[in-house]
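# Coordinate inspection notes
Here's the letter readout for the chains.
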Amino acid sequence: MSYPLNTPVGRFGIRDVDQGPTTYSATLPVAAWRNPFTGAPSLAAVGVLVDHIAGYPNHARRPDGHWTVTSELAIEFCPDAQHTLTTDDAAPIMATSRTLGVPTGTSLSVCDLTHGGRPIGHATIRSFYIGAGSGNANPPGPEPESDSILPTDLSDLLAVEVAEPGGAAGGARVLRQHPHPAINNHLGAVHGGIVAAGLELVAAAALNTDPAQRPLHTASLRINYLRRLVGGGQAHYRGTALHAGRSSGVAEAQGIDADGRLALTARLTAYRD
């Protein structure tokens, strides 16, 4: 199953392969997407795939009359994931998810990431349920206008723009989140995978300020969703390096909503080859 180009997952060419009832799978084509700050190949789009397909199992077992809301997302990449994806773009990335444990007020799903049958990572999503009254717990919103030709640049697909390049060591990297109906979920907020990608970009860039050094490649990304983020206004992502050493680095990132409130917080770790 493919999705319209005017949806977040459709913009990235994600296709569903298996829709349950026990496992859920989807693919993401490998493309030459690059970090707008550094120009280096980026794994950020994997966040869109994970949020999409790993959220399915939690949503499928929601109680009647409830919403499914993502509260945590975590991705762990294998040490050779970056090299694998940049040297072989013939096969798509496959994500296969399933639930783990028994749900209570929250539900946990796990997701395996492979490329050409080779493991490249692992992810989890935790969701919680809130009452939505009677009727359908996830009603569709109005359809946005369709894009006739999709952009190929990662920044344009995410509807983000570099606001603070932060080239000096220790300087913050900032991406402004523009409003765009095709990156929103049914509730009018920016899709959880889109914000995950934005957070990965600024955090990874904050660790790679010296082009003369071997790059620090993303190894893990952990996100807490505190409130929804709507594009426009003051909406942006800010990444700051906490430590950039000889072999590893740690950065934090925040997502700020249109009203200037903290909406997301993330921690990224990275390693040099």
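Residues numbered from 1 in each chain as written. Predicted model: local features only at pLDDT ≥ 70, side-chain atom pairs only at ≥ 80, totals over all residues. Heavy atoms only, no water.

## Re the overall build of the protein
The condition is simple: For the purposes of this entry, the term helix denotes a DSSP run of H or I that reaches at least four residues, the term strand denotes a run of E that reaches at least two, and both are numbered from the N terminus. For the radius of gyration, the atom set is restricted to C-alpha positions; the globular benchmark scales as 2.2 Å times the number of residues to the power 0.38. Note on exposure labels: buried denotes an accessible area under 20% of the residue type's maximum, exposed denotes more than 50%, and partly exposed covers the range between, all computed with a 1.4 Å probe on protein chains only. Residues count as neighbours in contact if any of their non-hydrogen atoms are within 4.5 Å of one another. For every accessible area listed, the method is Shrake-Rupley and the probe measures 1.4 Å; residues are considered covered only by the protein chains on display. None of His or the chain ends enter the tally, which takes Lys and Arg as positive and Asp and Glu as negative. The location of each charge is read from NZ of Lys, CZ of Arg, CG of Asp or CD of Glu.
On a plain count of helices and strands, the protein comes out with 5 helices and 12 strands. For the protein, whose C-alpha radius of gyration is 18 Å, the value lies close to the compact-globule estimate of 19 Å for 273 residues. Principal axes of the C-alpha set define a box for the protein whose edges measure 55 × 45 × 40 Å. Relative to its 273 residues, the protein shows a buried fraction of 47%. Partitioning the intrachain contacts of the protein with sequence separation of at least 6 by distance along the chain shows that 68% fall at a separation of at least 24. Here the protein has roughly 12,400 Å² of accessible surface; of this, 53% comes from carbon and sulfur atoms. Each charge class in the protein can be summarised by its mean position, and for the 19 positive and 23 negative side chains these summaries are 6 Å apart.

## Some thoughts on the pattern of salt bridges
This is how it is decided: Take a side-chain nitrogen of Lys or Arg and a carboxyl oxygen of Asp or Glu: if they are within 4 Å of each other, that pair is a salt bridge.
Overall, the coordinates contain 6 salt bridges when judged by the stated rule. When the shortest N-O distance is used, the salt bridge between Asp 80 and Arg 118 registers 2.4 Å. Of this pair, Asp 80 sits in the loop between strand S3 (66-77) and helix H3 (81-87) while Arg 118 sits in strand S6 (residues 118-131), and the two are 38 residues apart along the sequence. Looking at Asp 80, the relative accessible area reads 25%, which means it is partly exposed. Among the residues examined, Arg 118 registers a relative accessible area of 45% and is labelled partly exposed. Of the charged contacts, one joins Arg 176 and Glu 161 as a salt bridge, the two residues approaching to 3.5 Å between their closest N and O atoms. Note that Arg 176 is positioned in strand S8 (residues 173-177) and Glu 161 in strand S7 (residues 160-164), a separation of 15 residues in sequence.

## Some remarks on the pairing of S8
Using the following cut-off: Strands are labelled as partners when DSSP assigns at least two bridges between them.
Most of S8 sits out of view: 4 of its 5 residues are buried. As defined by bridge partners, S7 adjoins S8 across 4 bridges and the pair is classed as antiparallel. Residue pairing across strands places Glu 164 opposite Val 174, the latter belonging to S8.

## Things to note about the environment of Arg 173
Note the following rule: In protein, a polar contact means a hydrogen-donor-capable atom and an acceptor-capable atom, both N or O and within 3.5 Å, with residues adjacent in sequence counting only if both atoms are side-chain atoms; elsewhere, any N or O pair within 3.5 Å suffices.
Summarising the element assignment, Arg 173 is placed in strand S8. By relative accessible area, Arg 173 is classed as buried at 5%. Sequence separation between Arg 173 and Val 162 is 11 residues, and the spatial gap between their C-alpha atoms is 8.0 Å. A polar contact is formed between the side chain of Arg 173 and the backbone oxygen of Asn 208, at a distance of 3.3 Å.

## Re the packing of aromatic side chains
Rules: To pair, rings of Phe, Tyr and Trp, with the six-membered ring standing in for Trp, must have centres within 6.5 Å; the planes then decide the type, stacked if under 30 degrees apart, edge-to-face if over 60, and tilted in the middle.
The tally for this structure, following the rule as stated, stands at 2 aromatic pairs. Aromatic pair Tyr 24 and Tyr 56: ring centres 5.6 Å apart, planes at 10°, arrangement stacked. Of this pair, Tyr 24 sits in strand S2 (residues 24-28) while Tyr 56 sits in helix H2 (residues 46-60), and the two are 32 residues apart along the sequence.

## What about the state of the cysteines?
Rules: When two cysteine sulfur atoms lie within 2.5 Å, the pair is treated as a disulfide.
Applying the stated criterion across every chain yields a total of 0 disulfides. Unpaired in this structure, Cys 111 has its nearest cysteine sulfur neighbour in Cys 78, at a distance of 12 Å.

## A few points about the sheet that holds strand S11 (residues 248-256)
What counts here: In this description, a line fitted to the C-alpha atoms serves as the axis of each element, helices being fitted only across the stretch in contact, and the angle between N-to-C directions of two axes falls anywhere from 0 to 180 degrees.
The sheet built from 12 strands is open, its strands ordered S1-S2-S4-S5-S6-S3-S9-S12-S11-S10-S8-S7 with antiparallel pairing. Sheet topology places strand S1 (15-19) and S7 at the edges, where each strand pairs with a single neighbour. When strand polarity is set aside, the average angle formed by the axes of neighbouring strands in this sheet is 25°. Bridge count for strand S10 (residues 236-244) against S11 is 8 bridges, and the pairing is antiparallel. Paired with Ala 244 across the strands is Gly 249, a residue of S11. Across the sheet, helix H5 (residues 192-207) touches S8, strand S9 (216-225), S10, S11 and strand S12 (262-272), and the angle it forms with S10 is around 40°.

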